[in-house]
Amino acid sequence: MSTSSTIQALFNGLTPRLRLLAVPIGLLLLAHLSIDWLSALPPAWYPLLDTAPMLAALLATGLAAAMHQGRLAFAGITLAMGALAVLEAISLAHSPFVSAALFSAYTLLLPLNLTLFCLLRERGLYNVHGVTRLGWIGLQLAAVVLVVHGERTDWLLWISQPFLPALLQLPGMTDAAVVAFAAALVIQLGLALRRLEILDATLFTATVCALLTAMRVGFPAAPETYLAAGGLILAMGLVLHTHQIAYRDDLTRLPARRALNQKLDSLGRRYTLAMLDVDHFKQFNDRHGHDVGDQVLRLVAGQLRRVGGGGKPYRYGGEEFTIVFSGRDREQVMDHLEAVRENIADYRMKLRAADRPNRKKAGKARRGRDARGRDSVSVTISIGVASANEALTTPEAVLKAADQALYRAKKAGRNRVAT
Ligand SMILES: Nc1nc2c(ncn2[C@@H]2O[C@H](COP(=O)(O)OP(=O)(O)OP(=O)(O)O)[C@@H](O)[C@H]2O)c(=O)[nH]1
(Lines give C-alpha, C1' and ligand atoms only; values in the text may rest on other atoms or scores of the structure.)
Protein backbone atom coordinates (compact mmCIF):
# COMPACT_ATOMS: atom_id res chain seq x y z
CA MET A 1 0.00 0.00 0.00
CA SER A 2 1.43 3.42 -0.97
CA THR A 3 1.78 6.23 1.58
CA SER A 4 -1.01 8.25 -0.05
CA SER A 5 -3.45 5.32 -0.01
CA THR A 6 -2.52 4.58 3.63
CA ILE A 7 -3.29 8.22 4.52
CA GLN A 8 -6.53 8.01 2.50
CA ALA A 9 -7.52 4.77 4.31
CA LEU A 10 -6.75 6.33 7.72
CA PHE A 11 -8.74 9.45 6.79
CA ASN A 12 -11.72 7.37 5.61
CA GLY A 13 -11.60 5.40 8.87
CA LEU A 14 -12.28 8.55 10.93
CA THR A 15 -15.79 9.46 12.04
CA PRO A 16 -17.36 12.30 9.98
CA ARG A 17 -16.79 14.70 12.89
CA LEU A 18 -13.09 13.88 13.20
CA ARG A 19 -12.70 13.91 9.42
CA LEU A 20 -14.14 17.42 9.33
CA LEU A 21 -11.51 18.70 11.75
CA ALA A 22 -8.61 16.55 10.50
CA VAL A 23 -7.52 18.82 7.62
CA PRO A 24 -7.64 22.25 9.37
CA ILE A 25 -6.16 20.88 12.59
CA GLY A 26 -3.52 19.05 10.52
CA LEU A 27 -2.54 22.35 8.88
CA LEU A 28 -2.36 24.03 12.27
CA LEU A 29 -0.09 21.24 13.57
CA LEU A 30 2.14 21.63 10.52
CA ALA A 31 2.40 25.36 11.20
CA HIS A 32 3.16 24.68 14.87
CA LEU A 33 5.93 22.23 13.96
CA SER A 34 7.50 24.68 11.49
CA ILE A 35 7.94 27.50 14.04
CA ASP A 36 11.41 26.39 15.21
CA TRP A 37 12.60 26.13 11.63
CA LEU A 38 11.09 29.50 10.67
CA SER A 39 12.59 31.23 13.71
CA ALA A 40 16.05 30.09 12.59
CA LEU A 41 15.72 31.65 9.12
CA PRO A 42 18.32 34.31 8.21
CA PRO A 43 17.21 37.96 8.68
CA ALA A 44 16.70 38.40 4.93
CA TRP A 45 13.52 36.30 5.33
CA TYR A 46 12.01 38.45 8.11
CA PRO A 47 10.06 40.79 5.80
CA LEU A 48 8.40 37.79 4.17
CA LEU A 49 7.56 36.30 7.57
CA ASP A 50 6.14 39.67 8.71
CA THR A 51 3.88 40.04 5.67
CA ALA A 52 2.78 36.36 5.54
CA PRO A 53 -0.18 36.84 7.97
CA MET A 54 -1.58 39.74 5.95
CA LEU A 55 -1.02 37.95 2.63
CA ALA A 56 -2.75 34.79 3.91
CA ALA A 57 -5.72 36.73 5.33
CA LEU A 58 -6.07 38.71 2.09
CA LEU A 59 -5.85 35.50 0.05
CA ALA A 60 -8.75 34.07 2.09
CA THR A 61 -10.73 37.32 1.72
CA GLY A 62 -10.11 37.48 -2.04
CA LEU A 63 -11.09 33.84 -2.57
CA ALA A 64 -14.21 34.26 -0.45
CA ALA A 65 -15.19 37.44 -2.31
CA ALA A 66 -14.73 35.67 -5.66
CA MET A 67 -16.95 32.82 -4.43
CA HIS A 68 -19.57 35.21 -2.92
CA GLN A 69 -18.95 33.70 0.53
CA GLY A 70 -19.77 36.69 2.73
CA ARG A 71 -19.13 35.00 6.09
CA LEU A 72 -15.62 33.92 5.15
CA ALA A 73 -14.84 37.21 3.37
CA PHE A 74 -15.62 39.16 6.54
CA ALA A 75 -13.78 36.62 8.69
CA GLY A 76 -10.77 37.19 6.39
CA ILE A 77 -11.07 40.97 6.73
CA THR A 78 -11.25 40.78 10.54
CA LEU A 79 -8.31 38.36 10.58
CA ALA A 80 -6.28 40.80 8.44
CA MET A 81 -7.19 43.68 10.78
CA GLY A 82 -6.42 41.50 13.81
CA ALA A 83 -3.04 40.58 12.33
CA LEU A 84 -2.29 44.25 11.75
CA ALA A 85 -3.28 45.13 15.33
CA VAL A 86 -1.36 42.35 17.08
CA LEU A 87 1.80 42.71 14.97
CA GLU A 88 1.80 46.48 15.61
CA ALA A 89 1.21 45.82 19.32
CA ILE A 90 4.29 43.61 19.59
CA SER A 91 6.49 45.67 17.25
CA LEU A 92 7.85 47.91 20.06
CA ALA A 93 7.16 50.87 17.77
CA HIS A 94 4.42 52.29 20.00
CA SER A 95 3.93 53.47 23.55
CA PRO A 96 2.96 50.82 26.15
CA PHE A 97 -0.58 52.24 26.19
CA VAL A 98 -1.04 51.98 22.39
CA SER A 99 0.46 48.47 22.36
CA ALA A 100 -1.84 47.37 25.19
CA ALA A 101 -4.89 48.93 23.52
CA LEU A 102 -4.15 47.24 20.16
CA PHE A 103 -3.48 43.90 21.85
CA SER A 104 -6.74 44.15 23.84
CA ALA A 105 -8.67 45.03 20.70
CA TYR A 106 -7.20 41.96 19.01
CA THR A 107 -7.95 39.56 21.87
CA LEU A 108 -11.51 40.79 22.38
CA LEU A 109 -12.75 41.64 18.91
CA LEU A 110 -11.24 38.85 16.81
CA PRO A 111 -12.89 35.93 18.70
CA LEU A 112 -16.14 37.90 18.84
CA ASN A 113 -16.14 38.53 15.07
CA LEU A 114 -15.08 35.03 14.06
CA THR A 115 -17.91 33.64 16.22
CA LEU A 116 -20.39 36.10 14.78
CA PHE A 117 -19.48 35.15 11.20
CA CYS A 118 -19.78 31.49 12.19
CA LEU A 119 -23.27 32.08 13.62
CA LEU A 120 -24.64 34.38 10.92
CA ARG A 121 -26.45 32.95 7.92
CA GLU A 122 -24.65 33.08 4.61
CA ARG A 123 -26.15 36.03 2.75
CA GLY A 124 -23.54 36.69 0.11
CA LEU A 125 -21.42 39.78 -0.10
CA TYR A 126 -22.53 42.29 -2.70
CA ASN A 127 -25.86 43.29 -1.15
CA VAL A 128 -27.36 45.16 1.78
CA HIS A 129 -26.25 42.43 4.23
CA GLY A 130 -22.68 42.83 3.03
CA VAL A 131 -22.86 46.58 3.56
CA THR A 132 -24.31 46.12 7.08
CA ARG A 133 -21.55 43.68 8.01
CA LEU A 134 -18.91 46.00 6.60
CA GLY A 135 -20.47 48.81 8.65
CA TRP A 136 -20.16 46.66 11.79
CA ILE A 137 -16.44 46.16 11.12
CA GLY A 138 -16.06 49.91 10.45
CA LEU A 139 -17.74 50.68 13.76
CA GLN A 140 -15.23 48.52 15.64
CA LEU A 141 -12.36 50.17 13.79
CA ALA A 142 -13.72 53.59 14.82
CA ALA A 143 -13.99 52.44 18.45
CA VAL A 144 -10.36 51.26 18.48
CA VAL A 145 -9.16 54.52 16.88
CA LEU A 146 -11.18 56.45 19.48
CA VAL A 147 -9.56 54.57 22.37
CA VAL A 148 -6.03 54.83 20.95
CA HIS A 149 -6.13 58.48 19.82
CA GLY A 150 -8.21 59.64 22.76
CA GLU A 151 -5.73 57.84 25.07
CA ARG A 152 -8.67 56.35 26.95
CA THR A 153 -6.67 54.60 29.65
CA ASP A 154 -9.87 54.40 31.73
CA TRP A 155 -11.46 52.12 29.07
CA LEU A 156 -8.36 50.00 28.85
CA LEU A 157 -8.14 49.63 32.62
CA TRP A 158 -11.81 48.73 32.79
CA ILE A 159 -11.58 45.87 30.28
CA SER A 160 -8.30 44.70 31.82
CA GLN A 161 -9.73 44.12 35.30
CA PRO A 162 -9.06 40.62 36.62
CA PHE A 163 -12.10 38.62 37.71
CA LEU A 164 -11.24 34.99 37.00
CA PRO A 165 -9.73 32.58 39.55
CA ALA A 166 -5.95 32.28 39.09
CA LEU A 167 -6.32 28.74 37.71
CA LEU A 168 -8.25 30.01 34.67
CA GLN A 169 -6.06 33.00 33.88
CA LEU A 170 -3.67 32.95 30.92
CA PRO A 171 -0.31 34.76 31.07
CA GLY A 172 -0.26 37.99 29.05
CA MET A 173 -4.01 37.99 28.45
CA THR A 174 -6.79 39.85 30.22
CA ASP A 175 -9.55 37.81 31.85
CA ALA A 176 -12.06 39.32 29.42
CA ALA A 177 -9.95 38.00 26.53
CA VAL A 178 -9.81 34.52 28.10
CA VAL A 179 -13.60 34.49 28.41
CA ALA A 180 -14.00 35.79 24.81
CA PHE A 181 -11.77 33.07 23.38
CA ALA A 182 -13.28 30.31 25.55
CA ALA A 183 -16.84 31.25 24.57
CA ALA A 184 -15.85 31.60 20.91
CA LEU A 185 -14.18 28.18 20.80
CA VAL A 186 -17.06 26.40 22.56
CA ILE A 187 -19.71 27.97 20.29
CA GLN A 188 -17.76 27.42 17.08
CA LEU A 189 -16.80 23.83 17.88
CA GLY A 190 -20.41 23.08 18.85
CA LEU A 191 -21.67 24.49 15.54
CA ALA A 192 -19.01 22.66 13.52
CA LEU A 193 -19.84 19.31 15.14
CA ARG A 194 -23.58 19.81 14.81
CA ARG A 195 -23.71 21.13 11.25
CA LEU A 196 -20.73 19.14 9.94
CA GLU A 197 -19.78 22.04 7.67
CA ILE A 198 -16.18 22.54 6.71
CA LEU A 199 -16.47 26.35 6.88
CA ASP A 200 -17.47 26.14 10.56
CA ALA A 201 -14.53 23.82 11.22
CA THR A 202 -12.11 26.23 9.52
CA LEU A 203 -13.48 29.24 11.44
CA PHE A 204 -13.00 27.27 14.67
CA THR A 205 -9.41 26.37 13.75
CA ALA A 206 -8.65 29.96 12.71
CA THR A 207 -9.83 31.05 16.18
CA VAL A 208 -7.48 28.49 17.75
CA CYS A 209 -4.68 30.07 15.65
CA ALA A 210 -5.71 33.52 16.91
CA LEU A 211 -5.58 32.30 20.52
CA LEU A 212 -2.16 30.66 20.06
CA THR A 213 -0.94 33.94 18.52
CA ALA A 214 -1.97 35.84 21.65
CA MET A 215 -0.42 33.23 23.94
CA ARG A 216 2.92 33.14 22.07
CA VAL A 217 3.61 36.84 21.43
CA GLY A 218 7.09 36.63 22.99
CA PHE A 219 8.24 33.64 20.93
CA PRO A 220 10.24 34.30 17.75
CA ALA A 221 8.24 33.67 14.53
CA ALA A 222 5.33 32.16 16.49
CA PRO A 223 2.66 34.92 16.16
CA GLU A 224 3.42 35.40 12.46
CA THR A 225 3.23 31.65 11.80
CA TYR A 226 -0.04 31.10 13.68
CA LEU A 227 -1.65 34.14 12.04
CA ALA A 228 -0.55 33.07 8.58
CA ALA A 229 -1.82 29.55 9.32
CA GLY A 230 -5.20 31.05 10.31
CA GLY A 231 -5.51 32.80 6.94
CA LEU A 232 -4.37 29.76 4.99
CA ILE A 233 -6.82 27.55 6.90
CA LEU A 234 -9.68 29.89 5.94
CA ALA A 235 -8.53 29.82 2.31
CA MET A 236 -8.25 26.04 2.35
CA GLY A 237 -11.69 25.77 3.94
CA LEU A 238 -13.13 27.68 1.00
CA VAL A 239 -11.51 25.33 -1.50
CA LEU A 240 -12.80 22.27 0.39
CA HIS A 241 -16.24 23.86 0.68
CA THR A 242 -16.37 24.44 -3.08
CA HIS A 243 -15.31 20.85 -3.67
CA GLN A 244 -18.05 19.71 -1.27
CA ILE A 245 -20.68 21.75 -3.11
CA ALA A 246 -19.66 20.23 -6.43
CA TYR A 247 -19.35 16.65 -5.21
CA ARG A 248 -21.90 16.29 -2.41
CA ASP A 249 -25.65 15.96 -2.73
CA ASP A 250 -27.25 18.70 -0.66
CA LEU A 251 -30.35 16.78 0.43
CA THR A 252 -28.86 13.46 1.53
CA ARG A 253 -25.26 14.63 2.09
CA LEU A 254 -24.08 11.57 0.18
CA PRO A 255 -21.48 12.00 -2.57
CA ALA A 256 -23.30 12.99 -5.75
CA ARG A 257 -23.23 11.78 -9.37
CA ARG A 258 -20.06 13.72 -10.22
CA ALA A 259 -18.23 11.92 -7.39
CA LEU A 260 -19.65 8.58 -8.57
CA ASN A 261 -18.35 9.17 -12.11
CA GLN A 262 -14.91 9.90 -10.71
CA LYS A 263 -15.04 6.78 -8.54
CA LEU A 264 -16.09 4.63 -11.51
CA ASP A 265 -13.09 5.91 -13.48
CA SER A 266 -10.73 4.91 -10.66
CA LEU A 267 -11.95 1.31 -10.20
CA GLY A 268 -9.67 -1.67 -10.81
CA ARG A 269 -10.69 -4.95 -12.46
CA ARG A 270 -12.67 -6.41 -9.57
CA TYR A 271 -15.72 -4.56 -8.31
CA THR A 272 -19.47 -4.81 -7.84
CA LEU A 273 -22.08 -2.11 -8.35
CA ALA A 274 -25.56 -1.99 -6.84
CA MET A 275 -28.36 0.25 -8.13
CA LEU A 276 -31.11 1.00 -5.59
CA ASP A 277 -34.48 2.64 -6.02
CA VAL A 278 -37.21 3.52 -3.51
CA ASP A 279 -40.37 1.57 -4.34
CA HIS A 280 -43.50 3.45 -5.41
CA PHE A 281 -41.88 6.72 -4.47
CA LYS A 282 -44.09 8.75 -6.77
CA GLN A 283 -47.18 7.53 -4.91
CA PHE A 284 -45.44 8.12 -1.60
CA ASN A 285 -44.71 11.73 -2.58
CA ASP A 286 -48.26 12.24 -3.84
CA ARG A 287 -49.69 10.95 -0.59
CA HIS A 288 -47.39 12.48 2.00
CA GLY A 289 -45.96 15.46 0.19
CA HIS A 290 -42.53 16.27 -1.12
CA ASP A 291 -41.14 17.22 2.29
CA VAL A 292 -41.86 13.80 3.79
CA GLY A 293 -40.44 12.32 0.56
CA ASP A 294 -37.25 14.29 1.21
CA GLN A 295 -37.11 12.96 4.77
CA VAL A 296 -37.40 9.43 3.42
CA LEU A 297 -34.51 10.00 1.02
CA ARG A 298 -32.40 11.22 3.95
CA LEU A 299 -33.39 8.17 5.95
CA VAL A 300 -32.49 5.83 3.09
CA ALA A 301 -29.15 7.63 2.70
CA GLY A 302 -28.48 7.21 6.43
CA GLN A 303 -29.05 3.44 6.17
CA LEU A 304 -26.91 3.18 3.02
CA ARG A 305 -24.03 4.85 4.84
CA ARG A 306 -24.01 1.89 7.24
CA VAL A 307 -23.70 -0.73 4.50
CA GLY A 308 -21.01 -3.32 5.25
CA GLY A 309 -18.55 -5.00 2.90
CA GLY A 310 -16.66 -1.78 2.15
CA GLY A 311 -19.57 -0.40 0.09
CA LYS A 312 -19.57 3.33 -0.67
CA PRO A 313 -23.00 4.86 -1.35
CA TYR A 314 -23.75 7.68 -3.82
CA ARG A 315 -26.92 9.49 -4.78
CA TYR A 316 -27.31 8.64 -8.44
CA GLY A 317 -30.18 11.09 -8.92
CA GLY A 318 -33.84 11.43 -7.90
CA GLU A 319 -34.78 8.46 -5.71
CA GLU A 320 -31.99 6.27 -7.11
CA PHE A 321 -28.74 5.42 -5.30
CA THR A 322 -25.62 3.49 -6.26
CA ILE A 323 -23.31 1.51 -3.99
CA VAL A 324 -19.78 0.82 -5.18
CA PHE A 325 -17.98 -2.24 -3.74
CA SER A 326 -14.40 -1.88 -4.88
CA GLY A 327 -12.39 -5.14 -4.97
CA ARG A 328 -15.46 -7.30 -4.14
CA ASP A 329 -17.35 -9.98 -6.08
CA ARG A 330 -21.11 -10.23 -6.17
CA GLU A 331 -21.19 -13.14 -3.69
CA GLN A 332 -19.24 -11.09 -1.14
CA VAL A 333 -21.76 -8.23 -1.06
CA MET A 334 -25.15 -9.94 -1.31
CA ASP A 335 -25.58 -10.39 2.47
CA HIS A 336 -24.69 -6.75 3.10
CA LEU A 337 -27.24 -5.57 0.54
CA GLU A 338 -29.91 -7.85 1.98
CA ALA A 339 -29.18 -6.36 5.41
CA VAL A 340 -29.61 -2.80 4.07
CA ARG A 341 -32.86 -3.72 2.33
CA GLU A 342 -34.22 -5.31 5.52
CA ASN A 343 -33.13 -2.40 7.73
CA ILE A 344 -34.92 0.09 5.50
CA ALA A 345 -38.07 -2.04 5.29
CA ASP A 346 -38.12 -2.44 9.10
CA TYR A 347 -37.52 1.24 9.85
CA ARG A 348 -40.64 3.13 10.81
CA MET A 349 -40.39 6.85 10.30
CA LYS A 350 -42.39 8.92 12.78
CA LEU A 351 -44.50 11.66 11.29
CA ARG A 352 -44.94 15.05 12.88
CA ALA A 353 -48.50 16.40 13.02
CA ALA A 354 -48.00 18.44 9.85
CA ASP A 355 -46.79 15.32 8.00
CA ARG A 356 -49.85 13.16 8.83
CA PRO A 357 -50.91 11.02 5.90
CA ASN A 358 -54.42 11.25 4.52
CA ARG A 359 -55.92 8.04 5.85
CA LYS A 360 -58.82 8.10 3.44
CA LYS A 361 -56.51 7.50 0.50
CA ALA A 362 -55.45 3.91 -0.04
CA GLY A 363 -51.75 3.52 -0.60
CA LYS A 364 -48.84 1.24 -1.03
CA ALA A 365 -46.59 2.94 1.53
CA ARG A 366 -47.05 0.98 4.72
CA ARG A 367 -48.53 2.95 7.59
CA GLY A 368 -49.05 2.29 11.25
CA ARG A 369 -48.80 3.78 14.69
CA ASP A 370 -45.84 3.71 17.00
CA ALA A 371 -45.93 2.94 20.74
CA ARG A 372 -46.81 6.57 21.53
CA GLY A 373 -49.68 6.55 19.05
CA ARG A 374 -47.99 8.74 16.44
CA ASP A 375 -48.44 8.02 12.76
CA SER A 376 -45.49 6.31 11.16
CA VAL A 377 -44.63 5.27 7.65
CA SER A 378 -42.04 3.05 6.08
CA VAL A 379 -40.77 2.40 2.59
CA THR A 380 -39.03 -0.42 0.82
CA ILE A 381 -36.26 -0.41 -1.73
CA SER A 382 -35.36 -2.64 -4.67
CA ILE A 383 -31.76 -3.42 -5.53
CA GLY A 384 -30.05 -4.61 -8.71
CA VAL A 385 -26.49 -5.97 -8.54
CA ALA A 386 -23.79 -6.66 -11.14
CA SER A 387 -20.05 -7.34 -11.03
CA ALA A 388 -17.27 -6.72 -13.50
CA ASN A 389 -16.38 -9.90 -15.46
CA GLU A 390 -15.22 -11.03 -18.93
CA ALA A 391 -18.50 -9.89 -20.45
CA LEU A 392 -18.87 -6.67 -18.44
CA THR A 393 -15.52 -4.97 -18.75
CA THR A 394 -16.36 -1.28 -18.26
CA PRO A 395 -18.04 0.48 -15.30
CA GLU A 396 -20.71 1.78 -17.72
CA ALA A 397 -21.55 -1.81 -18.77
CA VAL A 398 -21.64 -3.00 -15.13
CA LEU A 399 -23.86 -0.07 -14.14
CA LYS A 400 -26.21 -0.84 -17.01
CA ALA A 401 -26.35 -4.50 -15.95
CA ALA A 402 -27.09 -3.45 -12.35
CA ASP A 403 -29.87 -1.20 -13.66
CA GLN A 404 -31.36 -4.11 -15.64
CA ALA A 405 -31.19 -6.27 -12.51
CA LEU A 406 -33.01 -3.49 -10.63
CA TYR A 407 -35.72 -3.55 -13.27
CA ARG A 408 -36.06 -7.33 -12.70
CA ALA A 409 -36.32 -6.75 -8.93
CA LYS A 410 -39.17 -4.29 -9.55
CA LYS A 411 -40.89 -6.70 -11.94
CA ALA A 412 -40.61 -9.56 -9.45
CA GLY A 413 -42.58 -7.59 -6.83
CA ARG A 414 -40.12 -4.99 -5.39
CA ASN A 415 -38.51 -5.01 -1.92
CA ARG A 416 -35.86 -7.47 -3.07
CA VAL A 417 -32.29 -7.82 -4.34
CA ALA A 418 -31.87 -9.15 -7.89
CA THR A 419 -28.79 -10.07 -9.89
N1 LIG B 1 -39.39 14.13 -2.38
C2 LIG B 1 -38.59 13.94 -3.41
N3 LIG B 1 -39.02 13.24 -4.49
C4 LIG B 1 -38.18 13.03 -5.51
C5 LIG B 1 -36.87 13.55 -5.52
N6 LIG B 1 -36.28 13.17 -6.67
C7 LIG B 1 -37.19 12.46 -7.36
N8 LIG B 1 -38.33 12.37 -6.66
C9 LIG B 1 -39.59 11.72 -7.05
O10 LIG B 1 -39.39 10.33 -7.19
C11 LIG B 1 -40.46 9.83 -8.01
C12 LIG B 1 -39.93 8.72 -8.90
O13 LIG B 1 -41.01 8.05 -9.38
P14 LIG B 1 -40.93 6.91 -10.51
O15 LIG B 1 -39.60 6.98 -11.20
O16 LIG B 1 -42.14 7.04 -11.35
O17 LIG B 1 -40.95 5.55 -9.79
P18 LIG B 1 -41.59 5.07 -8.44
O19 LIG B 1 -42.84 5.79 -8.09
O20 LIG B 1 -40.52 5.10 -7.40
O21 LIG B 1 -42.02 3.60 -8.71
P22 LIG B 1 -41.12 2.33 -8.91
O23 LIG B 1 -39.73 2.77 -9.15
O24 LIG B 1 -41.71 1.69 -10.12
O25 LIG B 1 -41.28 1.51 -7.69
C26 LIG B 1 -41.01 11.02 -8.78
O27 LIG B 1 -42.30 11.30 -8.34
C28 LIG B 1 -40.09 12.16 -8.41
O29 LIG B 1 -40.77 13.39 -8.29
C30 LIG B 1 -36.44 14.32 -4.37
O31 LIG B 1 -35.33 14.82 -4.28
N32 LIG B 1 -37.33 14.49 -3.36
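Everything numeric here is computed off the predicted structure, so don't read it as measured data.

(A) Representation of the domain arrangement of the protein. Segmenting the protein into domains produces domain 1 (10-247) and domain 2 (257-418). Relative placement of domain 1 and domain 2: their C-alpha centres are 44 Å apart.

(B) Examining the site of the ligand more closely. Around the ligand, the structure places 17 residues, and the nearest of them are His-280, Lys-282, Asn-285, Asp-294 and Arg-315. One of the side-chain nitrogen or oxygen atoms of Asp-294 is found 2.7 Å away from a nitrogen atom of the ligand. For the ligand, the accessible surface in isolation is 670 Å², of which the surrounding protein chains cover 67%. Looking at the shell around the ligand, the elements that each hand over two or more residues are β1 (271-278), α12 (281-288) and α13 (290-305). For the shell around the ligand, the leading source of residues is α13, giving four residues. Classifying every residue of the shell around the ligand gives four nonpolar, five polar and eight charged.

(C) Seen up close, a nonpolar patch on the surface. Taken together, the side chains of Trp-45, Leu-48 and Leu-55 define a hydrophobic patch exposed on the protein surface, amounting to about 320 Å² of accessible area. Summarising the element assignment, Trp-45 is placed in the loop between α2 (16-39) and α3 (46-66). What makes Trp-45 partly exposed here is its relative accessible area of 44%.

(D) Layout of the sheet that holds strand β3 (residues 320-326). Pairing in this open sheet of five strands is mixed, and the strands run β2-β3-β1-β7-β8 from one edge to the other. The sheet terminates laterally at β2 (311-317) and β8 (417-418), the two strands that pair on one side only. In the sheet, β1 pairs with strand β7 (residues 381-387) via seven bridges, with the strands oriented antiparallel. Residue pairing for β7: Thr-272 is matched across the bridge by Ser-387. Packed on one face of the sheet, helix α11 (residues 257-266) meets β1, β2 and β3 and runs near 130° to β2. Strands β1, β3, β7 and β8 of the sheet are contacted by helix α14 (residues 330-346), whose axis makes an angle of about 170° with β7.

(E) Spatial organisation of the UniProt feature "transmembrane region" (unreviewed entry) in the protein. Cross-referencing UniProt, the feature "transmembrane region" (unreviewed entry) maps to residues 20-38, 44-65, 72-91, 97-119, 131-150, 170-191, 198-219 and 225-247 in the present numbering. Secondary structure content for residues 20-38 is 100% helix and 0% strand, and the end C-alpha separation is 28 Å. Within residues 198-219, the helical portion is 82% and the strand portion 0%, while the C-alpha atoms at the span's ends are 30 Å from each other.

(F) How the structure looks around the packing of helix α4 (residues 70-89) against helix α6 (residues 128-149). With their axes 11 Å apart at the nearest point, α4 and α6 run at an angle of 15° to one another. With respect to their mutual orientation, α4 and α6 come out roughly parallel. Where α4 crosses over α6, the handedness of that crossing is right-handed. In this structure, α4 uses Arg-71, Phe-74, Ile-77, Thr-78 and Met-81 to contact α6, whose residues at the interface are Gly-130, Arg-133, Leu-134, Ile-137 and Leu-141. Considered class by class, the residues forming the contact of α4 with α6 number six nonpolar, two polar and two charged.

(G) Region of the structure containing the environment of Leu-38. Considering the arrangement of structural elements, one finds Leu-38 in helix α2. Residues Leu-38 and Leu-49 lie eleven residues apart in sequence; the distance between their C-alpha atoms is 8.3 Å. Setting aside residues up to four positions removed in sequence, Leu-38 forms contacts with Leu-49, Ala-221 and Thr-225.

(H) Summary view of the nonpolar core. Judged by nonpolar contacts, the single largest core of 63 residues is most densely connected at Leu-72, Leu-102, Tyr-106, Met-173, Leu-203 and Leu-234. If you list the elements that add at least two residues to this core, you get α2, α3, α4, α5 (96-119), α6, α8 (175-195), α9 (198-215) and α10 (222-247). For Leu-203, the residues in contact, after removing those within four places along its chain, are Leu-72, Ala-75, Leu-114, Phe-117, Cys-118, Gln-188 and Leu-234. Membership of the second largest hydrophobic core comes to 30 residues, among which are Val-296, Val-307, Ile-344 and Val-417.

(I) Spatial organisation of the pairing of β7. Most of β7 sits out of view: seven of its seven residues are buried. Because side chains alternate across β7, one face comprises the buried residues Ile-381, Ile-383, Val-385 and Ser-387, and the other comprises Ser-382, Gly-384 and Ala-386, equally buried. Looking at chain direction, β7 and β8 are connected through two bridges and run parallel. Within β8, the position partnered with Gly-384 by the bridge is Ala-418.

(J) Summary view of helix α15 (residues 395-411). The end-to-end C-alpha separation of α15 is 24 Å, in line with the 24 Å expected for 17 residues at 1.5 Å each. When α15 is considered as a whole, its buried residues turn out to be Pro-395, Val-398, Leu-399, Ala-401, Ala-402, Ala-405, Leu-406, Ala-409 and Lys-410. Turning to α15, the residues buried within the fold contact α11, β1, β2, β3, β7 and β8.

(K) Representation of the environment of Met-215 within the structure. Note on placement: Met-215 falls in helix α9. With residues near it in sequence (within four places) discarded, Met-215 still touches Leu-170 and Met-173.

(L) Structural detail: the packing of aromatic side chains. Under the defined criterion, the tally for this structure stands at three aromatic pairs. Plain terms: the ring middles of Phe-74 and Phe-117 are 5.7 Å apart, the flat faces sit at 25° to each other, and that makes the pair stacked. Taken as a pair, Phe-74 in helix α4 and Phe-117 in helix α5 lie far apart in primary sequence, 43 residues in all. On the basis of relative accessible area, Phe-74 is assigned to the buried category, the value being 2%. Its relative accessible area of 0% is what places Phe-117 among the buried residues. Residues Phe-281 and Phe-284 carry aromatic rings whose centres are separated by 6.0 Å and whose planes lie at 15° to one another, so their mutual orientation is stacked. In this pair, Phe-281 and Phe-284 both sit in helix α12, three residues apart, roughly one turn of the helix.

How each quantity is defined
- Counting from 1, residues in each chain are numbered in the order their sequence is written.
- Per-residue local features are limited, in this predicted model, to residues with pLDDT of at least 70; the limit for side-chain atom pairs, both in listing and counting, is 80 or more; totals at the level of whole chains, interfaces and linings are taken over all residues.
- Computation of side-chain values covers all heavy atoms of the structure but excludes hydrogens and water.
- Residue ranges for the domains originate in an automatic or database domain assignment.
- Here, proximity means that at least one heavy atom of the residue falls within 4 Å of the molecule or strand.
- Any N or O atom pair separated by 3.5 Å or less is treated as a polar contact, with the protein-specific requirement of one donor-capable and one acceptor-capable atom, and with residues adjacent in sequence counted only for side-chain atom pairs.
- Only the protein chains shown count as cover for residues, and the accessible areas themselves come from Shrake-Rupley with a 1.4 Å probe.
- Helix numbering and strand numbering both begin at the N terminus, where a helix is a DSSP run of H or I of at least 4 residues and a strand a DSSP run of E of at least 2.
- Each residue receives one of three labels: charged for Asp, Glu, Lys and Arg, nonpolar for Ala, Val, Leu, Ile, Met, Phe, Trp, Tyr, Cys and Pro, and polar for the others, Gly being one of them.
- Only residues whose relative accessible area exceeds 30% and that form no salt bridge are eligible for patches; like-charged ones are grouped when within 9 Å, while nonpolar side chains (Val, Leu, Ile, Met, Phe, Trp, Tyr) are grouped when within 5 Å.
- Should a side-chain nitrogen of Lys or Arg be within 4 Å of a carboxyl oxygen of Asp or Glu, the pair is scored as a salt bridge.
- Accessibility here uses a 1.4 Å probe with only protein chains present; expressed as a share of the type maximum, an area under 20% marks a residue as buried, one over 50% as exposed, and anything in between as partly exposed.
- Here, strands pair whenever DSSP counts at least two bridges between them.
- Any two residues whose heavy atoms approach within 4.5 Å are treated as being in contact.
- Angles here are taken between N-to-C directions and fall from 0 to 180 degrees, while the axes themselves are lines fitted to C-alpha atoms, restricted in helices to the stretch in contact.
- UniProt positions are given in the numbering used here, feature names are shortened, and annotations may be inferred rather than shown by experiment.
- Throughout this description, any angle smaller than 35 degrees is read as roughly parallel, any larger than 145 degrees as roughly antiparallel, any in the 65 to 115 degree range as roughly perpendicular, and the remainder as oblique.
- Handedness of each helix crossing follows the sense of rotation of the near helix against the far helix: counterclockwise by less than a right angle gives left-handed, clockwise gives right-handed.
- The criterion is simple. A nonpolar core is a set of buried Ala, Val, Leu, Ile, Met, Phe, Trp, Tyr and Cys residues joined through side-chain atoms within 4.5 Å.
- Residue count minus one, scaled by 1.5 Å, sets the expected span of a helix.
- Each aromatic pair joins two rings of Phe, Tyr and Trp (for Trp, the six-membered one) with centres within 6.5 Å, and gets the label stacked for planes under 30 degrees apart, edge-to-face for over 60, and tilted for any other angle.

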